[in-house]
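# Notes for the structure review
These are the residues of each chain, in order.
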Amino acid sequence: MNESSLKKSLSKLKLGGMRYFDSIGSTNDEALAWAASGAKDFSLVVADEQTQGRGRLDRKWFTPKGSAIAMSLILRPSAPMRPHLSRTVGLAALSLADACQTLGLSPKIKWPNDILLNGRKAAGILVETVWSGVEADSLVIGMGINVSASSVPPAESLKFPATSIEEMLGYAPKREEVIQLVLNACLHWREQMGTDLFIQAWEEKLAFRGEAVQIQAGDEETTHGRLDGLEADGSLRLRDLQDHSVTVRFGDVSLRPAA
Ligand code: ADP
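From a predicted model like this one, the values you see are computed outputs, not experimental measurements.

Rules behind the numbers
Residues numbered from 1 in each chain as written. Predicted model: local features only at pLDDT ≥ 70, side-chain atom pairs only at ≥ 80, totals over all residues. Heavy atoms only, no water. Pairing = 2+ DSSP bridges. Helix = DSSP H or I, 4+ residues; strand = E, 2+ residues; numbered from the N terminus. Axes fitted to C-alpha atoms, helices over the stretch in contact; angles between N-to-C directions. Buried < 20%, exposed > 50% of the residue type's maximum accessible area, 1.4 Å probe, protein only. Arc of directions from axis to C-beta. Contact = heavy atoms within 4.5 Å. Polar contact = N/O pair within 3.5 Å; in protein donor to acceptor, adjacent residues only side chain to side chain. Near = heavy atom within 4 Å. Areas by Shrake-Rupley, 256 points an atom, 1.4 Å probe, with all protein chains shown as cover. Nonpolar A, V, L, I, M, F, W, Y, C, P; charged D, E, K, R; others polar. Domains from an automatic or database assignment. Buried area = accessible area lost by both parts, 1.4 Å probe. Salt bridge = Lys/Arg side-chain N within 4 Å of Asp/Glu carboxyl O.

### Overview of the sheet that holds strand β4 (residues 107-110)
Pairing between the strands of a sheet is mediated by backbone hydrogen bonds and can be parallel or antiparallel. Within the open sheet, the seven strands sit side by side as β1-β2-β3-β7-β6-β5-β4. Their pairing is mixed. For this open sheet the edge positions go to β1 (17-21) and β4, each flanked by a neighbour on one side alone. On average, each strand axis in the sheet is inclined to that of its neighbour by 20°, with strand direction left out of account. Bridge analysis of strand β2 (residues 43-47) against strand β3 (residues 68-75) gives five bridges, and the strand direction is antiparallel.

### Section: helix α2 (residues 27-36)
All buried positions along α2 are accounted for by Thr27, Asn28, Ala31, Leu32, Trp34 and Ala35. Summarising the axial view, the buried residues of α2 lie within an arc of 165°, below the 170-degree limit, and thus occupy one face. Lining the buried residues of α2 we find β1, β2, β3, β6 (120-132) and β7 (135-146). Capping the start of α2, Ser26 holds a side-chain oxygen 3.2 Å from the backbone nitrogen of Asn28, two or three residues further along. Downstream of α2 by one or two residues, Gly38 has phi in the positive range, about 100°.

### Concerning the site of the ligand
Around the ligand sit 15 residues in total, of which Arg56, Phe62, Asn113, Lys121 and Asn146 are the nearest. Within the side chain of Asp114, a nitrogen or oxygen atom sits 3.0 Å from an oxygen atom of the ligand. Within the side chain of Asn146, an N or O atom sits 2.9 Å from a nitrogen atom of the ligand. When the free accessible area of the ligand is taken as 570 Å², the share hidden by the protein chains comes to 93%. Looking at the shell around the ligand, its residues break down into five nonpolar, five polar and five charged.

### Things to note about the domain arrangement of the chain
Here the chain is partitioned into domain 1 (3-204) and domain 2 (212-257). Between the C-alpha centres of domain 1 and domain 2 there is a distance of 24 Å. Each partner contributes to the interface: domain 1 provides 14 residues, whereas domain 2 provides 18 residues. Both sides of the domain 1 and domain 2 interface together cover about 1,300 Å² of buried area, and 60% of this is carbon and sulfur. When residues of domain 1 are sorted by the area they lose upon contact with domain 2, Ser86, Trp111 and Glu203 head the list and together hold 45% of the total. The interface formed by domain 1 and domain 2 holds five residue pairs in polar contact (both at pLDDT 80 or more) in total.

### Observations regarding the pattern of salt bridges
According to the stated counting rule, one finds 16 salt bridges in the structure shown. A salt bridge links Asp228 to Arg237; the shortest N-O distance between them is 3.2 Å. Here Asp233 ties to Arg249 by a salt bridge, and the two come within 3.7 Å at their closest N and O atoms. Taken together, the positions of Asp233 in the loop between β9 (223-230) and β10 (236-239) and Arg249 in the loop between β11 (245-248) and β12 (253-257) put the pair 16 residues apart, joining distant regions of the chain. Asp233 gets classed as partly exposed once you look at its relative accessible area, which sits at 30%. Linked by salt bridges that have partners in common, Asp228, Glu231, Arg237 and Arg239 make up one network.

Listed below in structure tokens is the structure:
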């Protein structure tokens, strides 16, 4: 992948703009700065290598050269989208899942922000917001996708097992093609963001649905329950051991299968 091959692959998409880097600290940092200085809606930052890639709470996201996708998409929320901004991580997850599915894979969404292939993490999402007072001026959707097998971090450095598209598919698709699939799916799902269908589609793709899971939120006591589905705002709904409904909101929460 290089700037001209990427531009060619994305030529039919109406991007607000594109910035491509052979190497960058973090595509989200670049996109946040660009958004704050007036980037147009649907502008894209892509890098071949990320040296300071971030997960939630500044955990590290690994994006070695020539093997993975590090991209950040800038959205300027339209009036109809505004009431549904808490669903943005779902927009990203559905877009990634659709792209994987088009490639012949069976992705699952590990709520809130990871894509699993065969139970292993193959992509991660980090949504960040540029505020204008109390209003969201723009949203930055960061995505890291393990395309080639060499993008997968060493197992001993991970809390959750990882994989790549190549390991699951038997070959590595062109990264330009994967980016194009993700963006096309995003254009589709963003129009649906306020619908019940959006939540249903998101819910259908949830990993561990109907299964026993545990939730760890910061230092709090672990919550045990069966994964039930999603609330309208994208929060996770569990059934606890007493069969009570428990709502888990976004934040520093880690979802795991029950031990
Ligand atoms: P969580 O695992 O709690 O959902 P994050 O979503 O913040 O955490 O993702 C960051 C974590 O993902 C890192 O701490 C690291 O363990 C793992 N990780 C980093 N890079 C990759 C990668 N390329 N593929 C899979 N997992 C990764």
